[in-house]
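A structural walkthrough
Residues per chain, in single letters:
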Amino acid sequence: MAVTADGERATALRAGRERILSAPRESLPAASLRDALCELYEMELGRLADEAGIGPGSGFALIAFGGLGRREVLPHSDLDLVLVHERRPDRDVGELADALWYPLWDSGVGLDHSVRTVDQCLAVAAADVSVGLSLLDARVIAGDADLGALVVDGARRQWRDQIASRFDDLVDAAAARRHRAGVIAHRSEPDLKNGAGGLRDAQLVAALGLAHLSDGRPVVPGGMARAHRLVLDARTELHRVSGRPREVLHAEYGDEVGEALGLGDRFDLARALSDASRTIAFTADQAIRGSCAALSSRGLTGLLRRSPVRRPLDDGVVEHAGEVTLARAARVADDPWLALRVAAAAARFGLPIATSTLGVLAERCPVPDGQWPAEALSDLLVLLGSGEAQIPVHEALDRCGLWERLLPEWAGVRDLPARDRAHIYTVDRHLVQTAVEASRLTTSVARADLLLLAALLHDLGKSRDGDHSENGADMIRPICARMGLGGRDTETLTRIVRHHLLLSATAARRDPADPATAEAVLTALDRDAVSLDVLAALTEADSLATGPTVWTTGRAGAHAALVAACGKALGPRPAAVQAPTVNASRRHGPPDVVVDLRAADTGTTHEVTLVVPGGGRSLAVTAEVLAAHRLEIVDAEIDLRPPGGMRARMTVSTRFGDPVDGRVLRQDLRRSIDSGLPGPLRAALSRGAALAIGPPQARSSVLISHRTDADGVLMEVRSEDRPGLFARVVAAIIEAGARIDWVVVRTRGAAVEDVFALSGPGAVLSTAGQVEALLPRRDPTTPAVAHADTL
């Protein structure tokens with residue numbers, strides 16, 4: 001009779017599964033399919049348990065975990081079951097287990113089973129973090145509910161009690177899983193279960209929530225639930241269309257799964273999955289970081305530890321407990337550019353943005369309207385020039401809707417899959433990666449700002465039908481107008497975007513040695529030297545960001561040959577800048593320091609006019625005093641040619657807070673020129689120079705060329721900005737024995753382009769070496785690059 005009953009149960013289960021799986025998709029969509037399978041398994045398992053005598057008070061409990069435990073049963077996944085018992089001598093545990101397992105095997109259902117006591121269950125969960133994680137989804141299906149609760153509740157209580165000692169193992173296991181399976185948003189055939197942004201990440205968020213370390217809520221309400229539902233539905237349909245327990249969505253099933261979900265073809269499906277998986281991955285990352293912070297503050301040491309210091313980073317932005325957050329006095333509702341300052345600070349200092357800060361910005365920060373102020377464009381350039389540090393910042397702003405407020409055109413390329421198989425990223429991620437690659441080349445071009453903007457915007461035209469280069473050129477103009485770029489820069493950037501494939505296509509198809517090849521390129525670029533300069537770097541960055549098979553040694557060589565031929569045909573490089581004319585007059589009487597400090601139109605920038613007696617050494621002292629007072633030179637024109645001493649017109653920034661009073665600045669300048677920098681100012685200068693900003697992204701360079709206004713040379717210093725850098729460069733030039741006649745300073749985001757007109761007996765190459773030695777470098781073992789034109 002037992003054999004007959006087991007056969008009937010197996011037959012009923014098999015027939016029920018076949019009926020559910022053969023139902024039309026229209027009548028049983030993915031979620032309903034899972035519900036139907038869950039009801040079938042629970043009903044049949046309940047009957048099997050009753051027939052085996054496993055009921056209330058029996059001393060046995062049937063517990064499900066995994067998909068059945070979460071009520072997320074997939075068509076072809078295994079059932080994860082454990083039979084829990086009390087070691088009762090009057091019952092044969094093996095016989096009871098066989099009565100449960102054999103009908104399931106006979107029905108064709110995959111089964112992962114075990115038989116354990118309560119203590120054994122909890123011991124295995126304590127020894128193996130993956131088992132402990134899986135038991136968090138456990139629930140009693142049949143039998144002794146009180147006995148089952150000892151396992152279910154005990155596993156969760158044990159998880160909370162032991163999370164501090166298991167957290168590192170949990171995070172390491174998640175990182176190893178992500179590394180093996182890859183990032184769903186970047187894979188043409190993603191692993192929906194194990195990949196970064198997959199179902200395992202969603203379970204990790206829930207597990208940290210059960211440990212009371214994280215609430216698991218995304219910045220955008222409801223975003224996590226929608227994302228999890230889509231990935232789960234996609235895996236459900238993958239099982240249904242393939243007839244197998246698959247985790248990887250192979251291309252051959254993409255169209256059918258996309259159609260089943262009502263999304264379209266496989267490219268539409270890929271775009272939807274990219275968006276959903278990025279939401280899950282971002283929420284998981286936030287949960288991990290929040291959990292780490294929560295654990296570090298627990299216990300007696302956490303209670304006794306003093307509150308972390310709030311370090312100012314920018315106007316309305318501070319560092320607190322290792323995260324970028326808002327200052328207490330930040331006017332969120334009145335400042336549409338606050339989110340961009342937060343992003344720039346996070347990238348500049350290599351810090352994450354606090355989840356609470358993202359939520360406040362998303363909820364209360366107004367949408368920017370009208371033309372960008374100069375400070376906003378500078379913040380964007382700081383972000384784009386920060387290298388790898390910008391990737392999580394972009395992701396944070398994009399996941400909470402802040403990035404699209406700054407650049408509405410981004411919506412067209414967000415999660416847009418690339419049609420070319422050489423691309424390893426979606427279009428939006430490719431643009432970010434191009435900016436990462438371009439940040440390493442900023443000191444190789446005269447206009448780092450145009451290079452970074454072109455990197456970010458060059459493929460926006462892929463959001464429209466037709467030639468994406470022409471589309472992008474049309475889209476660039478209104479963006480440039482919003483960002484406040486001038487007419488000439490707008491034309492240059494439009495030209496670069498229109499022809500961003502020109503160099504790569506020409507190098508691949510034509511002979512660089514043929515003069516007609518260079519002439520064709522220069523004609524397309526209107527013989528504009530800046531366009532050629534920036535486009536050469538953009539082509540390299542774009543190729544590197546596309547994929548590992550694109551920027552090969554051969555293609556790089558052909559590119560370099562073509563650029564060199566174009567440069568030769570274009571002629572000598574023009575002078576970097578012209579000698580400045582600073583209209584600043586000295587008062588009548590003995591030589592004295594004159595300071596005129598007044599606020600600019602917007603932000604924390606101020607205009608400064610200086611007249612200081614003396615020459616180069618006075619400039620060195622002035623630079624030190626400005627740095628000690630936290631006045632960063634944004635732009636400057638400085639004339640040290642006699643008569644009249646040093647005359648300077650500067651734009652400076654305090655980043656946060658009010659500047660020093662002009663009278664105090666004048667007094668400190670007079671005292672420092674007469675007697676050297678006072679102790680308090682020197683200490684402030686040292687503190688500023690030690691400010692942690694993250695490693696440099698680009699190799700600094702020093703370029704030497706002839707002066708056209710007088711005998712001597714121009715020394716152009718291209719580098720990433722650092723506190724007190726200008727003061728150290730001036731001091732190095734003076735120490736080398738060169739005379740500084742005039743200086744022009746330009747800061748574009750985090751890139752500085754300082755031009756020094758030098759004369760006098762000082763050795764030029766010695767001066768260049770002195771300057772190189774103190775510039776920030778990517779590789780401490782490699783000197784900064786010095787390039788000298790033919791003198």
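Residues numbered from 1 in each chain as written. Predicted model: local features only at pLDDT ≥ 70, side-chain atom pairs only at ≥ 80, totals over all residues. Heavy atoms only, no water.

1. A short note on the confidence of the model for the protein chain
Reading predicted coordinates in detail is not appropriate for stretches of low pLDDT. Rules: For every residue, the predictor assigns a confidence score, pLDDT, that lies between 0 and 100. The contact rule is simple, with two residues in contact once any of their heavy atoms fall within 4.5 Å.
Chain-level pLDDT for the protein chain is 89 on average; 92% of the residues reach the 70-or-more range. Every residue in residues 780–791 is under pLDDT 50, and counting partners more than four places away or in other chains gives 25 contacts.

2. Re the sheet that holds strand E5 (residues 311–314)
Stated precisely, the cut-off is as follows: Two strands pair if DSSP finds at least two bridges between them. Helix and strand assignments come from DSSP, with helices taken as H or I runs of at least 4 residues and strands as E runs of at least 2, each series counted from the N terminus. Throughout, an axis means a line fitted to C-alpha atoms (over the contacting stretch in the case of helices), and angles, computed between N-to-C directions, take values from 0 to 180 degrees.
The 3 strands are arranged E5-E6-E7 in an open sheet whose pairing can be described as antiparallel. The sheet is open, and its two borders are formed by E5 and strand E7 (323–326), each paired with just one other strand. Across the sheet, the axes of successive neighbouring strands diverge by a mean angle of 40°, strand direction being ignored. Pairing of E5 with strand E6 (residues 317–320) involves 3 bridges; the strand directions are antiparallel. Pairing of Asp314 across the sheet is with Val317, part of E6. In the packing of helix H13 (residues 338–349) onto the sheet, contacts are made with E5, E6 and E7, and the angle to E7 comes to roughly 160°.

3. With respect to the sheet that holds strand E1 (residues 60–65)
What the 4 strands build is an open sheet, ordered E3-E2-E1-E4; its pairing is mixed. Unpaired on one side and paired on the other, strand E3 (111–117) and strand E4 (139–143) mark the two borders of the sheet. Adjacent strand axes in the sheet meet at a mean angle of 25°, parallel and antiparallel pairs treated alike. Where E1 and strand E2 (residues 79–85) come together, 6 bridges link them in antiparallel fashion. Its bridge partner being in E2, Phe60 is matched across the sheet by His85. Contacts from helix H2 (residues 30–51) reach E1, E2 and E4, with the element oriented near 40° to E4.

4. Observations regarding the pairing of strand E9 (residues 605–612)
Stated precisely, the cut-off is as follows: Type-normalised accessible area, obtained with a 1.4 Å probe on protein chains alone, sets the label of each residue: buried when under 20%, exposed when over 50%, and partly exposed for intermediate values.
Among the 8 residues in E9, 6 count as buried, and that is most of the element. Relative to E9, strand E8 (residues 594–599) runs antiparallel, the two being bridged by 6 bridges. Opposite Ala599, over in E9, you have His606 as the bridge partner. Sheet analysis places E9 next to strand E11 (residues 646–653), joined by 8 bridges and oriented antiparallel. Residue pairing for E11: Glu607 is matched across the bridge by Thr651.

5. Re the packing of helix H9 (residues 223–242) against helix H10 (residues 251–260)
Basically, it comes down to this: Working definition: roughly parallel below 35 degrees, roughly antiparallel above 145 degrees, roughly perpendicular at 65 to 115 degrees, and oblique for all remaining angles. Note on convention: near helix rotated counterclockwise from far helix by under a right angle means a left-handed crossing. Clockwise means right-handed. Put simply, Ala, Val, Leu, Ile, Met, Phe, Trp, Tyr, Cys and Pro go in the nonpolar bin, Asp, Glu, Lys and Arg in the charged bin, and everything else, Gly too, in the polar bin.
Orientation of H9 relative to H10, taken along the N-to-C sense of each, is 120°, at an axis distance of 9 Å. If you check the angle between H9 and H10, you find them oblique. In this structure, the crossing between H9 and H10 has a hand that is right-handed. Residue-level inspection shows Ala234, Glu237, Leu238, Val241 and Ser242 of H9 in contact with H10, the latter providing Tyr253, Glu256, Val257 and Ala260. Within the contact of H9 with H10, the residues separate by chemical class into 6 nonpolar, 1 polar and 2 charged.

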